[in-house]
Amino acid sequence: SSGINAECPLRPGIATGSEVTPFPGIEIDEETIVSSTGALSLQKIPKSLTLIGAGVIGVELGSVWQRLGAKVTAVEFLNNIGGVGIDLEIAKSLQRSLTKQGMKFKLGTKVHTAERTPEGIKVVAENIKKGKTEELVSDVLLVCIGRRPFTSGLGLDNIGVTVDARGKIPVNERFQTNIPNVYAIGDVIDGPMLAHKAEDEGIICVEGIVGGVPHINYDCVPSVIYTHPEVAWVGKSEEQVKEAGIPYKVGSFPMAANSRSKTNQDTDGLVKVISHKETDRLLGVHIVSSVAGELINEAALALEYGASSEDVARVCHAHPTVSEALKEACVAAYAGKPINF
C-alpha cells in the first residue's frame, strides 16, 4: 500500500523531509565512518576527525568536535567553506575564525576513496588544481556532502505524483503536486532545506487550501550556520547580485568595533549589507557574529517590508548591543562610512 489515497478529501500532504546523501563507494557504519546522525552520538571524543564536505553540516559538527578536543580536517571540493550560495567574503571570515580555533581545511580537493585500516580510516584525496594526491588517516570519518529529499519508497508512483531527477516533487504556488489534491512542502520540494522554511510553507499551504492567497518570499528566508561565531544571511550574496547585473553598493562594519562584542571579548566577524545603488533598497544582509542567528531576523523583517539601508540606519538601536553593528553597516551602505569606525 502506498499509504496515500489520491481521492482522499483530507488533502494529503507530503512532508517527509530529507536524508543523508551517500558518498559512492563509502559505507557508513555510524561508528568510525559516520553521517551527521552518527556524529551526534559518538561514544568518545576522537583524537582525529576527517570531514568529507565543509558545507553547513560539516563546519557545524566539525567545530563542535574540535572544541571538544578532536583534531579536525575538512576536505571540500569547492574553493570555499559554507556550501553553495554563501557570500564568499563571509565564507573567508568564517574560515579565518575556525582556523584560529584549530580546524584545518583542504579546499578545492576531491576525495577518491576511504577505507578502514589498522591505523584508522584512510582517505585518499586529490588537490584539483595541483593534481597532487595525499592520504589522510583519522580515528573517525564524517561524510557530510549534503542531504537529499526523502521521496523514495513512498509509493508516489502508485498514485502518479511526479518526482524529478533530483528526487524533488514539483509543486505550484499553492504547493499542489501534479495531482491537484496532493500537496508537498519542505525538503521534498525546491528551495533550501530549512525547518523554518518548511514550517512557513505548511502554514501557507493550509491557508491556501481553505481559500486564502498563498504567498512566501523566498528571498526573505534566513539561513544560519551554527558554529562559533555563527554565520547568518538573508537575501542575495554579492556574487549573486553581480551575476544578475544589479547595480549595488556595500556597507560593512567589523565586530571588533562594536562595543558589546568588545565587552564580551567576542569580536570575530562583521556585518555586510548589500543595497541597490539607485534605490538603496536592501538586497542582502550577511553576518558573522556569536549572535548572528538572532540578529539576522531584524534584517529578514527589513527585507520583507522592502526597507532601504537608510531606513534601518535611522532606527534608534539600543547601546551597547551587537545589533548596532547592523545599523552601522547600513549607515556605511547609504552614507559611505559608518559612524563609529
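In this numbering scheme, every chain counts its residues from 1 along its sequence in written order. Where totals are concerned, whole chains, interfaces and linings use all residues; where local detail is concerned, this predicted model gives features only for residues with pLDDT of at least 70, and gives and counts side-chain atom pairs only at 80 or more. Only hydrogens and water are set aside when side-chain values are computed; all heavy atoms of the structure are taken into account.

Moving on: a nonpolar patch on the surface. The grouping of Ile45, Val64 and Leu68 at the surface amounts to a nonpolar patch, some 230 Å² of accessible area in total. If you trace the backbone, Val64 turns up in helix H2 (residues 56–67). Patches draw on residues past 30% relative accessible area with no salt bridge. Two like charges within 9 Å are joined, as are two nonpolar side chains (Val, Leu, Ile, Met, Phe, Trp, Tyr) within 5 Å. In short, Shrake-Rupley with a 1.4 Å probe defines the accessible areas, and a residue's cover is counted only from the protein chains shown. When a carboxyl oxygen of Asp or Glu is within 4 Å of a side-chain nitrogen of Lys or Arg, the pair counts as a salt bridge. By definition, any uninterrupted DSSP run of H or I lasting at least four residues is a helix, any uninterrupted run of E lasting at least two residues is a strand, and each is numbered from the N terminus.

A few words now on the environment of Thr117. Take Thr117: it is sitting in strand S7 (residues 109–117). When accessible area is computed with a 1.4 Å probe and restricted to protein chains, residues below 20% of their type maximum are described as buried, those above 50% as exposed, and intermediate ones as partly exposed. With a relative accessible area of 22%, Thr117 lands in the partly exposed category. Distance from Thr117 to Val137, taken between C-alpha atoms, is 8.8 Å for residues 20 residues apart in sequence. By the criterion applied in these results, polar contacts are pairs of N or O atoms within 3.5 Å in which, for protein atoms, one can donate a hydrogen and the other can accept it, and in which residues neighboring in sequence qualify only through two side-chain atoms. Only 2.7 Å separates the side chain of Thr117 from the backbone oxygen of Gly120, close enough to count as a polar contact.

Below, the discussion takes up helix H8 (residues 292–304). The terminal C-alpha atoms of H8 lie 18 Å apart, and with 13 residues this matches the ideal 18 Å at 1.5 Å per residue to within 8%. Of the positions making up H8, those classed as buried are Ala292, Gly293, Leu295, Ile296, Ala299, Ala300, Ala302 and Leu303. The positive-phi residue at the C-terminal boundary of H8 is Gly306, with phi of around 70 degrees. Expected span, for any helix, means 1.5 Å times one less than how many residues it has.

Here we take up the layout of surface pockets. Counted as a void, the largest pocket has a volume near 1600 Å³. In this structure, the largest pocket is lined by 49 residues; those nearest its centre are Val56, Gly83, Val84, Pro192 and Met193. Going through the elements one at a time, H2, S7, helix H5 (195–209), strand S13 (223–225) and strand S14 (230–235) are the ones with two or more residues in the lining of the largest pocket. Looking at the lining of the largest pocket, the element that brings in the most residues is H2, giving four residues. Gly falls in the polar group here, along with every residue not listed as nonpolar (Ala, Val, Leu, Ile, Met, Phe, Trp, Tyr, Cys, Pro) or charged (Asp, Glu, Lys, Arg). By residue class, the composition of the lining of the largest pocket is 25 nonpolar, 14 polar and ten charged. Size it by volume and the second largest pocket reaches roughly 330 Å³. For the lining of the second largest pocket, the elements supplying multiple residues, two or more each, are H5 and H8. Site definitions follow a grid-based scheme: protein atoms alone, a 1 Å grid, a 1.4 Å probe that fits but cannot get out for cavities, and for pockets an open set with protein on both sides within 12 Å along at least five of seven lines, plus lining residues having an atom within 4 Å of a point. Grid points are joined across faces, edges and corners, and a volume is the space filled by probe spheres set on the points.

Pairing between the strands of a sheet is mediated by backbone hydrogen bonds and can be parallel or antiparallel. Here, a strand pair is defined by DSSP locating no fewer than two bridges between the strands. Here we have three strands laid out as an open sheet, ordered S7-S8-S9, and antiparallel in their pairing. In this open sheet, the two edge strands, each paired with only one partner strand, are S7 and strand S9 (132–138). Each neighbouring strand pair of the sheet contributes to a mean axis angle of 20 degrees, computed without reference to strand direction. Here strand S8 (residues 120–127) runs beside S9; their pairing, made up of seven bridges, is antiparallel. Counterpart to Ala125 in the pairing with S9 is Glu134. The convention used is that axes are lines fitted to C-alpha atoms, helices contributing only their stretch in contact, and that angles between N-to-C directions extend from 0 to 180 degrees.

Before going further, it helps to examine unusual backbone geometry. Here the amide bond leading from His228 into Pro229 is cis, since omega sits at 0 degrees, within 30 degrees of zero. Residue position: Pro229 is located in the loop between S13 and S14. A cis amide bond links His319 with the next residue in sequence, Pro320, at an omega value of 0 degrees. Backbone geometry at Asp280 places phi at a positive 70 degrees, although glycine is not the residue there. Inspection of the secondary structure puts Asp280 in the loop between strand S16 (270–276) and strand S17 (282–289). Looking at Asp280, the relative accessible area reads 9%, which means it is buried.

The subject of this paragraph is the packing of aromatic side chains. For any pair of aromatic rings, geometry is given as the distance between the ring centres together with the angle between the planes. When the centres of two rings from Phe, Tyr and Trp lie within 6.5 Å, Trp using its six-membered ring, the rings pair. Their planes under 30 degrees apart give stacked, over 60 give edge-to-face, and anything left gives tilted. This model, assessed by the stated rule, comprises one aromatic pair. For the pair Phe253 and Phe341, a centre-to-centre distance of 6.1 Å together with 75 degrees between the ring planes defines the contact as edge-to-face. Taken as a pair, Phe253 in strand S15 (residues 248–254) and Phe341 in the segment after helix H10 (324–335) lie far apart in primary sequence, 88 residues in all. Given a relative accessible area of 62%, Phe341 falls into the exposed group.

The next subject is the confidence of the model for the protein. Summary of the metric used: pLDDT quantifies the predictor's per-residue confidence within the range 0 to 100. Mean pLDDT for the protein: 95, with 97% of residues reaching 70 or above. Low pLDDT, under 50, characterises residues 1–8; the stretch is placed with 14 contacts to residues that sit more than four places away or in other chains. Between two residues, a contact is recorded if the distance between any of their heavy atoms is within 4.5 Å.

All chains considered together, the criterion is met by 15 salt bridges. Close ionic contact of Asp268 with Lys100 constitutes a salt bridge, the shortest N to O distance being 2.9 Å. Residue Asp268 is found in the loop between helix H7 (259–263) and S16, and its partner Lys100 is found in helix H3 (residues 88–101); the two are separated by 168 residues along the sequence. Accessibility expressed as a relative area gives 23% for Asp268, which makes it partly exposed. Lys197 is paired through a salt bridge with Glu201; the nearest N and O atoms lie 3.1 Å apart. Of this pair, Lys197 and Glu201 both sit in helix H5, four residues apart, which is roughly one turn of that helix. Accessibility classification places Lys197 together with Glu201 in one group, the buried group. Several salt bridges share partner residues, and in doing so they unite Asp87, Glu89, Glu238 and Lys272 into one network.

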